[in-house]
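Structural description and commentary
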Amino acid sequence: MVKHVILWTLKELSEEEKKTAKAGIKEGLENLKGKIPGLLEIKVVTNGLPGSTADVMLDSSFESYEALKAYSTHPEHVAVADEKVRPFTAVRSCLDFEA
């Protein structure tokens, strides 16, 4: 199994814009479950504690590294990334590892 963890820091947004962006990211990514072969689990966390230095975390699991690579270019994932994630992201950090 391969884990794919991402932390995003959002751009400077009003609190209402940030709340809307977080909800869109969570809904868009979590709705990919069952639509992409090899994607086992996907969870988006948007309610970090006050000391956090990131705004959103993606925690996902894949059958294999090949499944992760296929996910990265899958049209449904690309659409969510282009419409719901990238427009609001200032900083992205990623860690992929075998679990």
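This write-up is about the structure you can find in this document. Predicted model only: the values in this text are computed from it and were never measured.

What follows is about helix 3 (residues 75-85). Regarding helix 3, the residues found buried are H77, V80, A81 and V85. Within helix 3, the buried residues cover an arc of 100° as seen down the axis, which keeps them to one side. Turned more than 90 degrees from where helix 3 packs its buried face, P75 and E83 sit exposed. On the buried face of helix 3, the contacting elements are strand 1 (2-10), helix 1 (15-30), helix 2 (65-73) and strand 4 (89-98).

Attention shifts here to the environment of G28. Structurally, G28 can be placed in helix 1. What makes G28 buried here is its relative accessible area of 10%. C-alpha of G28 to C-alpha of L39: the two residues are 11 residues apart in sequence and 15 Å apart in space.

A few words now on the environment of G24. With respect to the secondary-structure elements, G24 resides in helix 1. G24 sits 73 residues away from F97 along the chain, and the two C-alpha atoms are 26 Å apart.

Looking now at the sheet that holds strand 1. Here four strands make up an open sheet; going across it, the order is 2-3-1-4 and the pairing antiparallel. Each edge of the open sheet carries a strand with a single partner, namely strand 2 (39-45) and strand 4. In this sheet, neighbouring strand axes are inclined to one another by 15° on average, regardless of whether the strands run parallel or antiparallel. Two elements, strand 2 and strand 3 (residues 56-62), share six bridges in a ladder whose sense is antiparallel. Looking at the pairing, L39 lines up with F62 of strand 3. Across the sheet, helix 1 is in contact with strand 1, strand 2 and strand 3; its angle to strand 2 comes to roughly 170°.

With that out of the way, let us pick up the packing of helix 2 against helix 3. Taken N-terminus to C-terminus, the directions of helix 2 and helix 3 make an angle of 55°; their axes are 5 Å apart at the nearest point. Our classification of the angle between helix 2 and helix 3 gives oblique. Touching Y71, S72 and T73 of helix 2 are P75, H77 and V78, all from helix 3. Its residues assigned to classes, the contact of helix 2 with helix 3 shows three nonpolar, three polar and no charged.

Here is what the cut-offs are and how they apply
- Residues numbered from 1 in each chain as written.
- Predicted model: local features only at pLDDT ≥ 70, side-chain atom pairs only at ≥ 80, totals over all residues.
- Heavy atoms only, no water.
- Buried < 20%, exposed > 50% of the residue type's maximum accessible area, 1.4 Å probe, protein only.
- Helix = DSSP H or I, 4+ residues; strand = E, 2+ residues; numbered from the N terminus.
- Arc of directions from axis to C-beta.
- Contact = heavy atoms within 4.5 Å.
- Pairing = 2+ DSSP bridges.
- Axes fitted to C-alpha atoms, helices over the stretch in contact; angles between N-to-C directions.
- Parallel < 35°, antiparallel > 145°, perpendicular 65-115°, else oblique.
- Nonpolar A, V, L, I, M, F, W, Y, C, P; charged D, E, K, R; others polar.

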